[in-house]
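# Commentary on secondary and tertiary structure
Here are the chains, one letter per residue:
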Amino acid sequence: MDIYTKFRSMMDSHIILSFKGEITSDIISMVLQIMESKLDAVQERGAVKKKIFNILVECMQNLYHHAETETVDESNKRSAMLELYFDDDYYYITTGNFIKNEDVPRLRDRIERVNSLNRDELRKYYREILDNNRISNKGGADLGMIDMAKKSGQKLDYEFTDVNEWVSFFGLKVKIAKK
Amino acid sequence: MDNLVIEGTKQTPHIDFNASTGVLSISGRSIPENTFEFFNPVLQWLDEYAGIAGDETVINVSLEYFNTSSSKYILEIFKRLKGVLNDGKDVLVKWYYEEDDEEMMETGEDYEDVSGLPFEIIAIEE
């Protein structure tokens, strides 16, 4: 079975939480609760805690609203992954989900645009989108990526992987400095 | 008109909007998945309030966290109040942030810029 090896590797990579499945409202609440108590336990600084909490909310709500099923068969679950871990300098939030192929270019452009901006430019862009975009039925109106980049103060790490003619896999890693 | 009081939860803010005093307060967290469901009644109340508002309206905003889908609705609240201001009445936004939360302070400045309402941005000592 080798569960010990798996445990050891989770220990060594400082995994706080690792989840694969459908992100529901209940799961979001539970993960936030777990994360809050873990950060309280290590007495993480208030400002860092808030950033992590904020970014985690955005990440999970992205999964909640935008994760697709792997195939056209709608009876499948909208499986996604979420993992939280840390090292000496950073906390990391990684997410993965299926996304319709047709939605890939727009998301890629959005992230690349966000990554090309410095802090002041990001803030300006945030104001612009806040003011101009209509509220979509999923609520986010594209502010999510800008907000995560702004709050983390780091570039967003991402990848798209071809899966089938229907979807791709979108992987995102956001890091937050402990300072 | 009736006042609007909504108890806060772990996901949604506490709302206490008083039509007769013109003091409106929103505090706590706003991170629901379905923001429309929460904010729609709030905006409807404000639409009615805009018609009967007195000379002075103060809105106290002291939010610990809010998600980006709430941020649009917060702007919508301010837009409703901009209407009241445009009617020649006084409106003031008091935006509170915990003193180590620079992000929340800047967000206040962003809203001040975008909404066109007068803001007081106030640090709360912890």
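Below is a summary of the structure that appears in this document. (Residues numbered from 1 in each chain as written. Chains lettered and ligands numbered in written order. Predicted model: local features only at pLDDT ≥ 70, side-chain atom pairs only at ≥ 80, totals over all residues.)

### Section: the overall build of chain B
Of regular secondary structure, chain B possesses 3 helices and 6 strands. When its helices and strands are written in sequence order, chain B yields β-β-β-α-β-α-β-α-β. For 126 residues, the compact-globule estimate of 2.2 N^0.38 gives 14 Å, and the C-alpha radius of gyration of chain B, at 14 Å, lies within 12% of that figure. Going through the 126 residues of chain B one by one, you find that 37% of them count as buried. (Helix = DSSP H or I, 4+ residues; strand = E, 2+ residues; numbered from the N terminus. Rg over C-alpha atoms; globule rule 2.2 N^0.38 Å. Buried ≥ 20, exposed ≤ 12 C-beta atoms within 10 Å, placed from the backbone.)

### Description of helix α2 (residues 68-86) of chain B
All names here are of chain B. In a regular helix each residue adds 1.5 Å, so 19 residues correspond to 27 Å; α2 covers 27 Å between its end C-alpha atoms and thus fits that length. Along α2, the residues classified as buried are T68, S69, S70, S71, K72, Y73, I74, I77, F78, L81 and V84. At the exit of α2 stands G88, carrying a positive phi of roughly 90 degrees. (Expected span 1.5 Å × (residues − 1).)

### Side note on the nonpolar core
Counting 62 residues, the largest nonpolar core has I55, L56, M60 and L63 of chain A as its most contacted members. With near-sequence residues (within four places) excluded, I55 of chain A lies in contact with I93, M148, K151, S152, V174 and I176 of chain A. (Core = buried A, V, L, I, M, F, W, Y, C linked by C-beta atoms within 7 Å. Contact = placed C-beta atoms within 7 Å.)

### Some details on the sheet that holds strand β1 (residues 4-6) of chain B
Residues and elements named next belong to chain B. As summarised here, the arrangement of the 6 strands in space is β1-β2-β3-β4-β5-β6, forming an open sheet in which the pairing is mixed. Whereas interior strands pair on both sides, the edge strands pair on one side only; in this sheet they are β1 and β6 (119-124). Strand-to-strand twist across the sheet, computed as the mean angle between neighbouring axes with direction ignored, equals 15 degrees. Of the strand pairs in this sheet, β1 and strand β2 (residues 14-17) are connected by 3 bridges, and their pairing is antiparallel. Bridging across to β2, I6 finds its partner in I15. (Pairing = 2+ DSSP bridges. Axes fitted to C-alpha atoms, helices over the stretch in contact; angles between N-to-C directions.)

### Details of the pairing of strand β5 (residues 167-177) of chain A
Residue and element names in this part refer to chain A. Sheet topology note: the strand β3 (residues 90-100)/β5 ladder contains 11 bridges and is antiparallel. Counterpart to Y90 in the pairing with β5 is A177. As paired strands, strand β4 (residues 157-162) and β5 are joined by 6 bridges and run antiparallel to one another. Along β5, the bridge assignment pairs D157 with K173. Counted along the chain from β4 to the antiparallel partner β5, the turn is 4 residues long.

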